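What follows is the residue order along each chain.
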Amino acid sequence: MEGAMLIAFDSTQQALRAEMLLEYADIEIDLFPTPKEITAGCALSIQFPPGALKDVQEIILQEHVEIRGIFALDNNMRYIGIEE
């Protein structure tokens, strides 16, 4: 996924719940191993395209999904948190 963003979680349960909700909303996602530089309690993250950010944030908020944060890659290929 070119320029993908990433949601990190503290629990597998929340990751799988978010996967179901985002797929139901027809948002293109991929389950992805959480990068080592992101401290999270769960080894699974979800990648999604930057154009879906607003929809993803809305679903997470409305459905009370517990996340560690949303991250984007910077120019140095490091993940930068955009939301906690």
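None of these values were measured; they are calculated from a predicted model.

This part is about the pairing of strand E4 (residues 69–73). In terms of burial, E4 is a largely internal element, four of the five residues being buried. Across four bridges, strand E1 (residues 5–8) lies against E4 in antiparallel orientation. By the bridge assignment for E4, alanine 8 is matched with glycine 69.

On to helix H2 (residues 53–62), then. Of the residues making up H2, those classed as buried are Leu53, Val56, Ile59 and Ile60. Buried residues along H2 cover an arc of 130° about the axis, so they all sit on one side. Facing away from the buried side of H2, by more than 90 degrees, are the exposed residues Lys54, Leu61 and Gln62. After H2 finishes, the residue histidine 64 shows a positive phi value of roughly 55°.

An α-helical turn contains 3.6 residues, so a residue and the one three or four places further along point in the same direction. Here helix H1 (residues 12–24) spans 18 Å end to end across 13 residues, near enough to the 18 Å set by a 1.5 Å rise per residue. Residues of H1 that are buried: Gln14, Ala15, Ala18, Glu19, Leu21 and Leu22. Directly after H1, the chain includes aspartate 26, whose backbone phi takes a positive value near 60°.

Before going further, it helps to examine the environment of lysine 36. Take lysine 36: it is sitting in the loop between strand E2 (30–33) and strand E3 (44–48). We classify lysine 36 as exposed; its relative accessible area is 85%. Residues lysine 36 and isoleucine 80 lie 44 residues apart in sequence; the distance between their C-alpha atoms is 13 Å.

Calculation rules
The residue numbers shown here count from 1 along each chain, following its written sequence. Where local features are concerned, this predicted model is filtered to residues with pLDDT of at least 70; where side-chain atom pairs are given and counted, the filter is 80 or more; whole-chain, interface and lining totals use all residues. The basis for the side-chain values is all heavy atoms of the structure; hydrogens and waters are excluded. We call a residue buried when its accessible area falls under 20% of the maximum for its residue type, exposed when it is over 50%, and partly exposed in between, using a 1.4 Å probe and counting protein chains only. Strands are runs of DSSP state E lasting at least two residues, helices are runs of H or I lasting at least four, and both sets are numbered from the N terminus onward. Here, strands pair whenever DSSP counts at least two bridges between them. Taking the helix axis as origin, the arc is that swept by the directions to the C-beta atoms. Working rule for helices: expected span equals 1.5 Å times residues minus one.

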